[in-house]
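Here is how the chains run, residue by residue.
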Amino acid sequence: MSPFNRPKSLTELVTENLRERIIKGEFELGEQLSEAKIAKNLEVSRTPVREAINRLEMEGLLVVEPQRGSFVFNLEPEELAKLCDARVCLETTAITSAMQSNPDALHKALSECVSRMKAAREAGDDAEYLYQDTVFHQCLFDCADNRFLNDAYQTIALKMAALRSRLGHHADHMAKSYREHIELVQCVEDRDVTKALDVLKLHIDRKEGSYWNDATSLDGASAVVN
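Everything numeric in this text was worked out from a predicted model, so none of it was measured.

About the criteria used
- Residues numbered from 1 in each chain as written.
- Predicted model: local features only at pLDDT ≥ 70, side-chain atom pairs only at ≥ 80, totals over all residues.
- Heavy atoms only, no water.
- Helix = DSSP H or I, 4+ residues; strand = E, 2+ residues; numbered from the N terminus.
- Buried < 20%, exposed > 50% of the residue type's maximum accessible area, 1.4 Å probe, protein only.
- Contact = heavy atoms within 4.5 Å.
- Areas by Shrake-Rupley, 256 points an atom, 1.4 Å probe, with all protein chains shown as cover.
- Pairing = 2+ DSSP bridges.
- Axes fitted to C-alpha atoms, helices over the stretch in contact; angles between N-to-C directions.
- Salt bridge = Lys/Arg side-chain N within 4 Å of Asp/Glu carboxyl O.
- pLDDT = per-residue confidence, 0-100.
- Parallel < 35°, antiparallel > 145°, perpendicular 65-115°, else oblique.
- Left-handed = near helix turned anticlockwise from the far one by under 90°.
- Nonpolar A, V, L, I, M, F, W, Y, C, P; charged D, E, K, R; others polar.
- Polar contact = N/O pair within 3.5 Å; in protein donor to acceptor, adjacent residues only side chain to side chain.

Participant: Would you mind going over the overall build of the chain with me for this structure?
Facilitator: A count of helical and extended segments in the chain gives 9 helices and 3 strands. In the chain, the succession of helices and strands from N to C terminus is α-β-α-α-β-β-α-α-α-α-α-α. Taking all 226 residues of the chain together, the buried fraction comes to 47%. When contacts within the chain are restricted to residue pairs at least 6 apart in sequence, those whose partners lie at least 24 apart make up 69%. Within the structure as shown, the chain displays about 11900 Å² of accessible surface, and the carbon and sulfur contribution to it stands at 50%.

This is the structure in structure tokens:
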């Protein structure tokens with residue numbers, strides 16, 4: 001029996017469209033969105049737009065304020081710092097678990113991802129590089145064999161992808177990010193969990209090796225979105 005392929009609803013299509021545009025940086029952080037303009041642009045009624053906004057609010061990409069409207073999420077410096085703390089906790093746990101339970105699969109997945117990163121850098125395709133950056137970190141959770149850990153990560157994953165798109169183009173960061181991804185692959189190949197944790201913490205910690213003190217104007221926020 002062939003699987004039942006249900007066509008996507010207008011709400012699903014609008015949600016995907018807006019999610020992609022938010023992540024890619026077409027809307028500024030904190031920018032107010034107009035239901036009417038979006039509906040006109042996508043040639044749909046306001047109902048699927050409103051439903052899409054509700055879904056994206058649940059995903060944390062939008063904030064809906066009564067009597068004011070819908071806004072792309074924004075983070076104050078202290079919130080960015082807390083986001084980094086959460087990432088350190090989740091990702092260090094994920095890479096430890098993945099290196100213990102699925103080291104070969106993790107090495108293969110990360111190596112392939114770094115190869116695509118290299119190709120993107122050579123082609124000058126920053127958008128593809130940053131997408132692969134997101135894929136790289138998701139691999140840690142895909143190989144960790146812990147769906148609850150992955151569920152927890154998904155609560156911040158879309159925010160991280162959106163932040164990378166806006167703050168990840170800094171030249172120094174791109175080079176630093178690439179080197180550290182290669183180091184992580186080597187750590188996994190060597191089965192060196194201790195060094196992998198050190199590299200990963202340095203890679204994402206908001207204090208050590210932070211690159212966007214100069215790359216962002218978010219009130220001097222310093223957190224890393226590698």
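Participant: What should I look at first to understand the environment of Leu-197 in this one?
Facilitator: Mapped onto the elements of the fold, Leu-197 is located in helix H9 (residues 193-204). When the C-alpha positions of Leu-197 and Thr-93 are compared, they lie 9.1 Å apart, and in sequence the two are 104 residues distant. For Leu-197, the residues in contact, after removing those within four places along its chain, are Thr-92, Ile-95 and Thr-96.

Participant: What is the right way to look at the sheet that holds strand E2 (residues 62-65) in this model?
Facilitator: In a beta sheet, neighbouring strands are held together by backbone hydrogen bonds and run either parallel or antiparallel to one another. Pairing in this open sheet of 3 strands is antiparallel, and the strands run E1-E3-E2 from one edge to the other. One side of each edge strand has no neighbouring strand; the edge strands of this open sheet are strand E1 (32-33) and E2. When E1 meets strand E3 (residues 69-72), the two strands line up antiparallel, connected through 2 bridges. In the sheet register, Gln-32 faces E3, and the bridge partner there is Phe-71. Packing against the sheet, helix H3 (residues 46-59) makes contact with E2 and E3, and its axis sits at approximately 115° to E2.

Participant: What should I look at first to understand the pattern of salt bridges in this one?
Facilitator: Where charged atoms of side chains with opposite charge meet at close range, the side chains can pair. According to the stated counting rule, one finds 12 salt bridges in the structure shown. In this structure, Lys-24 engages Glu-20 in a salt bridge whose closest nitrogen and oxygen atoms are separated by 2.7 Å. Note that Lys-24 and Glu-20 are positioned in helix H1 (residues 10-24) at a spacing of 4 residues, about one turn of the helix. A salt bridge links Arg-87 to Glu-91, with the shortest nitrogen-to-oxygen separation between them at 2.8 Å. One end of the pair is Arg-87 and the other is Glu-91, both in helix H4 (residues 77-101) and 4 residues apart, which spans about a single turn. Each of the two residues, Arg-87 as well as Glu-91, counts as buried. Ionic contacts of the salt-bridge type, sharing partners, join the residues Glu-35, Arg-46 and Arg-50 into one network.

Participant: In this structure, what is going on with the confidence of the model for the chain? I would like to understand it.
Facilitator: Low-pLDDT portions of the prediction should not be read for the details of their coordinates. Per-residue confidence for the chain gives a mean pLDDT of 87, with 88% of residues at or over 70. Predicted confidence for residues 207-224 stays below pLDDT 50, and this span has 48 contacts to residues more than four positions away or in other chains.

Participant: Even after reading the chapter, I still don't get the packing of H4 against H9, so can you show me in this structure?
Facilitator: To describe two helices that pack against each other, one gives the angle between their axes and the distance between the axes. One can describe the packing of H4 onto H9 by two numbers: an axis separation of 10 Å at closest approach and a directional angle of 155°. The orientation of H4 with respect to H9, classified from their angle, is roughly antiparallel. Judged by the sense of rotation from one axis to the other, the crossing of H4 with H9 is right-handed. Counted together, Cys-84, Arg-87, Val-88, Glu-91, Thr-92, Ile-95, Thr-96 and Met-99 of H4 and Val-193, Ala-196, Leu-197, Leu-200, Lys-201 and Ile-204 of H9 form the full contact between these two elements. Partitioning the contact of H4 with H9 into residue classes produces 9 nonpolar, 2 polar and 3 charged.

Participant: Quick question: what am I supposed to make of the side chain of Glu-35 here?
Facilitator: Within the element layout of this structure, Glu-35 appears in helix H2 (residues 35-42). Here Arg-50 takes part through its side chain, which lies 3.3 Å from a polar atom of the side chain of Glu-35. In this structure, Glu-35 is in contact with Arg-46, Val-49, Arg-50 and Ile-53, ignoring residues within four places of it in sequence.

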